[in-house]
Amino acid sequence: YADVPDEGEGEYCVFQTFVVQVPRRDELMGYLKKNGVQALVHYPLPLHLQPAAKNLGYQENDFPVTMEMSKKIMSLPLYPELSEQQQDHVANLFKAFYK
């Protein structure tokens, strides 16, 4: 139900954020919130539509893959004190939501 980050050979991510791609993202975020888990969309507006890129003249449909992904990505809680029990709770919520 989710595409998760993957490390390739020789790559070692520090996972400042843990961004997943999921169908029905907004519904899932509401479900997680209702169950005590905060998930965020850190960059809801794709880069080519940001005010800082306005002078480049891009339109919304210039990058269809980017637009599609922007509807699916969300960041899950990630911090050093996150216990295995809390991680399991989030995983179990995913399983329950997508059943």
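Predicted model, so just to flag it, every value in this text is computed and none were measured.

(A) A look at the overall build of the chain. Tallying secondary structure elements over the chain gives 3 helices and 2 strands in all. Taking the principal axes of its C-alpha atoms as reference, the chain extends roughly 45 × 35 × 20 Å. A total of 99 residues make up the chain; the buried ones form 22% of that total. Look at the contacts in the chain between residues 6 or more apart in sequence, and 61% of them connect residues 24 or more apart. When the accessible surface of the chain is split by element, carbon and sulfur atoms take 53% of a total near 7,600 Å².

(B) Representation of the side chain of Ser-75. Take Ser-75: it is sitting in strand 2 (residues 73–76). Looking at Ser-75, the relative accessible area reads 6%, which means it is buried. A distance of 2.7 Å separates polar atoms of two side chains, one belonging to Ser-75 and the other to His-42. In this view, Ser-75 contacts Thr-17, Phe-18, Val-19, Ala-39, Leu-40 and His-42; residues no more than four positions away in its chain are not counted.

(C) Broad picture of the nonpolar core. Of all hydrophobic cores here, the largest spans 14 residues; its most connected members are Val-22, Leu-28, Leu-32, Met-74, Leu-76 and Phe-94. When residues of this core are traced back to their parent elements, those giving at least two are helix 1 (25–34), strand 2 and helix 3 (84–98).

(D) A look at a nonpolar patch on the surface. Taken together, the side chains of Leu-56, Tyr-58 and Phe-63 define a hydrophobic patch exposed on the protein surface, amounting to about 290 Å² of accessible area. Tracing the backbone through its elements, the reader meets Leu-56 in the loop between helix 1 and helix 2 (64–70). What makes Leu-56 exposed here is its relative accessible area of 54%.

(E) The packing of aromatic side chains, seen in detail. Overall, the coordinates contain 4 aromatic pairs when judged by the stated rule. An angle of 70° between the planes, with centres 5.0 Å apart, marks the rings of Tyr-58 and Phe-63 as edge-to-face. Plain terms: the ring middles of Phe-94 and Tyr-98 are 6.4 Å apart, the flat faces sit at 45° to each other, and that makes the pair tilted. One end of the pair, Phe-94, and the other, Tyr-98, are both in helix 3, 4 residues apart, so they sit about a helical turn from each other. Under the relative-accessibility criterion, Phe-94 is labelled buried at 6%. For Tyr-98, a relative accessible area of 18% corresponds to the buried category. In textbook terms, an aromatic cluster arises when at least three aromatic residues are bridged by ring pairs, as seen for Tyr-31, Phe-94, Phe-97 and Tyr-98.

(F) The arrangement of the packing of helix 1 against helix 3 in detail. At a minimum axis distance of 10 Å, the contact between helix 1 and helix 3 shows a crossing angle of 125°. When the axis of helix 1 is compared with that of helix 3, the two are oblique. In this structure, the crossing between helix 1 and helix 3 has a hand that is right-handed. Only Leu-93, Phe-94, Ala-96, Phe-97 and Tyr-98 of helix 3 make contact with helix 1, whose side of the interface consists of Glu-27, Leu-28, Tyr-31 and Leu-32. Class assignment of the residues belonging to the contact of helix 1 with helix 3 gives a composition of 8 nonpolar, no polar and 1 charged.

Each value, and the rule that gives it
Residues numbered from 1 in each chain as written. Predicted model: local features only at pLDDT ≥ 70, side-chain atom pairs only at ≥ 80, totals over all residues. Heavy atoms only, no water. Helix = DSSP H or I, 4+ residues; strand = E, 2+ residues; numbered from the N terminus. Buried < 20%, exposed > 50% of the residue type's maximum accessible area, 1.4 Å probe, protein only. Contact = heavy atoms within 4.5 Å. Areas by Shrake-Rupley, 256 points an atom, 1.4 Å probe, with all protein chains shown as cover. Polar contact = N/O pair within 3.5 Å; in protein donor to acceptor, adjacent residues only side chain to side chain. Core = buried A, V, L, I, M, F, W, Y, C linked by side-chain atoms within 4.5 Å. Patch = residues over 30% accessible without salt bridge, like charges linked within 9 Å, V, L, I, M, F, W, Y side chains within 5 Å. Salt bridge = Lys/Arg side-chain N within 4 Å of Asp/Glu carboxyl O. Phe/Tyr/Trp six-rings, centres within 6.5 Å; stacked < 30°, edge-to-face > 60°. Axes fitted to C-alpha atoms, helices over the stretch in contact; angles between N-to-C directions. Parallel < 35°, antiparallel > 145°, perpendicular 65-115°, else oblique. Left-handed = near helix turned anticlockwise from the far one by under 90°. Nonpolar A, V, L, I, M, F, W, Y, C, P; charged D, E, K, R; others polar.

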